[in-house]
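Residues per chain, in single letters:
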Amino acid sequence: MISNPSTETTVASKLEALLNLQRIDSQLDEIRRVRGDLPEEVQDLEDEIAGYEVRVSKFDEEISSLNDQIKQRKQAAKDADGLIKRYEEQQQNVRNNREYEAIAKEIELQKLEIQISEKKMKEAQYQIEQKNNDISGTKARLEERKKDLDNKNTELQTIVGESEADEQKLLEERAKAVQPIEERLLTAYTRIRGNVRNGLAVVEVKRDACGGCFNTVPPQRQADIIAHKKIIVCEHCGRVLADVEARNV
């Protein structure tokens, strides 16, 4: 059977393009590995700080509402005191005991209103003090987290600054590298990379083993890989086996 050279060339070029993309992505992975968890830690700190700021804002709103309640209760007590004075004046001019007792009952009701208002004002004031304590504690934690964020940001910016030029260059190379790869292969490549820990979707056979999972690749399968007649994947991990590493005899 005569092989079709154009098919072999096409498969070989596809594998070469995938290997090139893998090389670039592995270098990008290494740059991001050096950064470690810093980007996530910075994001977590920013989220935590935002949460504390929302909490402080909510406490301020609650304190404002409690102060409004105190004002309302003060006014209610003042109004009740005014009514008591008016009722007491009316008591001086009553014509019988029934009118006197009716006014006395109104006076008692207003005194009760004053007592209730004073009690509510004390409760509101106590809540304000508690919330002010909560605000103090929250602001203290907020300041600590802001300092932590500044330190993490400085550390991250230093690391990013050291590798930013290299990363940008690699990203530009990657943009060119994906162009010749058909969408079906690129989708499969991206899926495999997402499913493996080391990000290696395209590997070579090294020392008779898959370069990704290190399981043995049989000689006949290695011969098929070298022939470049079709794209072959590892039967154990699903990675694309692009080539067989040459051995020095």
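Quick note: structure is the one above.
Residues numbered from 1 in each chain as written. Predicted model: local features only at pLDDT ≥ 70, side-chain atom pairs only at ≥ 80, totals over all residues. Heavy atoms only, no water.

Draft legend 1. Quick look at the pattern of salt bridges. Across all of its chains, the model carries 17 salt bridges by this definition. With a shortest N-O distance of 3.8 Å, arginine 23 and glutamate 173 are connected by a salt bridge. Taken as a pair, arginine 23 in helix α1 (residues 5–35) and glutamate 173 in helix α3 (residues 97–177) lie far apart in primary sequence, 150 residues in all. What makes glutamate 173 partly exposed here is its relative accessible area of 27%. Of the charged contacts in the structure, one is a salt bridge between aspartate 81 and lysine 85, with a shortest N-O distance of 3.6 Å. Residue aspartate 81 and its partner lysine 85 are located together in helix α2 (residues 38–91), separated by four residues, close to a single helical turn. For aspartate 81, a relative accessible area of 34% translates into the label partly exposed. Members of the salt-bridge network, linked through shared partners, are Asp25, Asp29, Arg174 and Arg193. (Salt bridge = Lys/Arg side-chain N within 4 Å of Asp/Glu carboxyl O. Helix = DSSP H or I, 4+ residues; strand = E, 2+ residues; numbered from the N terminus. Buried < 20%, exposed > 50% of the residue type's maximum accessible area, 1.4 Å probe, protein only.)

Draft legend 2. Examining the packing of α2 against α3 more closely. At a closest axis distance of 6 Å, the pairing of α2 and α3 adopts a crossing angle of 165 degrees. In this view, α2 runs roughly antiparallel relative to α3, as classed from their interaxial angle. Considering how the two elements wind past one another, α2 and α3 form a crossing that is left-handed. (Axes fitted to C-alpha atoms, helices over the stretch in contact; angles between N-to-C directions. Parallel < 35°, antiparallel > 145°, perpendicular 65-115°, else oblique. Left-handed = near helix turned anticlockwise from the far one by under 90°.)

Draft legend 3. Focus on the nonpolar core. Residues Leu18, Leu21, Ile181, Tyr189 and Val202 are the most contacted members of the largest nonpolar core, which totals 19 residues. If you tally residues by element for this core, the top one is α1, at eight residues. Discounting chain neighbours no more than four positions away, the residues touching isoleucine 181 are Ala17, Leu18, Leu21 and Leu186. (Core = buried A, V, L, I, M, F, W, Y, C linked by side-chain atoms within 4.5 Å. Contact = heavy atoms within 4.5 Å.)

Draft legend 4. Expanded view of the sheet that holds strand β1 (residues 202–206). The three strands are arranged β2-β1-β3 in an open sheet whose pairing can be described as mixed. Each edge of the sheet is formed by a strand with only one pairing partner; in this case those strands are β2 (209–210) and β3 (240–244). Together, β1 and β3 form the strand contacts of helix α5 (residues 219–227), whose direction differs from that of β3 by roughly 85 degrees. (Pairing = 2+ DSSP bridges.)

Draft legend 5. Layout of the environment of aspartate 224. Tracing the sequence through the fold places aspartate 224 in helix α5. Sequence separation of aspartate 224 and alanine 242 is 18 residues, and the distance between their C-alpha atoms is 10 Å. Non-local contacts of aspartate 224, meaning those with residues more than four positions away in its chain, are made with Lys229 and Ile232.

Draft legend 6. A look at the pairing of β3. Burial analysis of β3 places four of its five residues in the buried class, which makes it a mostly covered element. The pairing of β1 with β3 spans four bridges and is classified as parallel. Residue pairing for β3: glutamate 204 is matched across the bridge by aspartate 243.

Draft legend 7. Inspection of the side chain of arginine 193 at higher detail. In this structure, arginine 193 sits in helix α4 (residues 183–195). Among the polar contacts made by the side chain of arginine 193, one reaches the side chain of aspartate 29 at a distance of 3.0 Å. (Polar contact = N/O pair within 3.5 Å; in protein donor to acceptor, adjacent residues only side chain to side chain.)

Draft legend 8. Representation of the side chain of serine 117. Tracing the sequence through the fold places serine 117 in helix α3. With residues near it in sequence (within four places) discarded, serine 117 still touches Arg73, Ala76 and Ala77.

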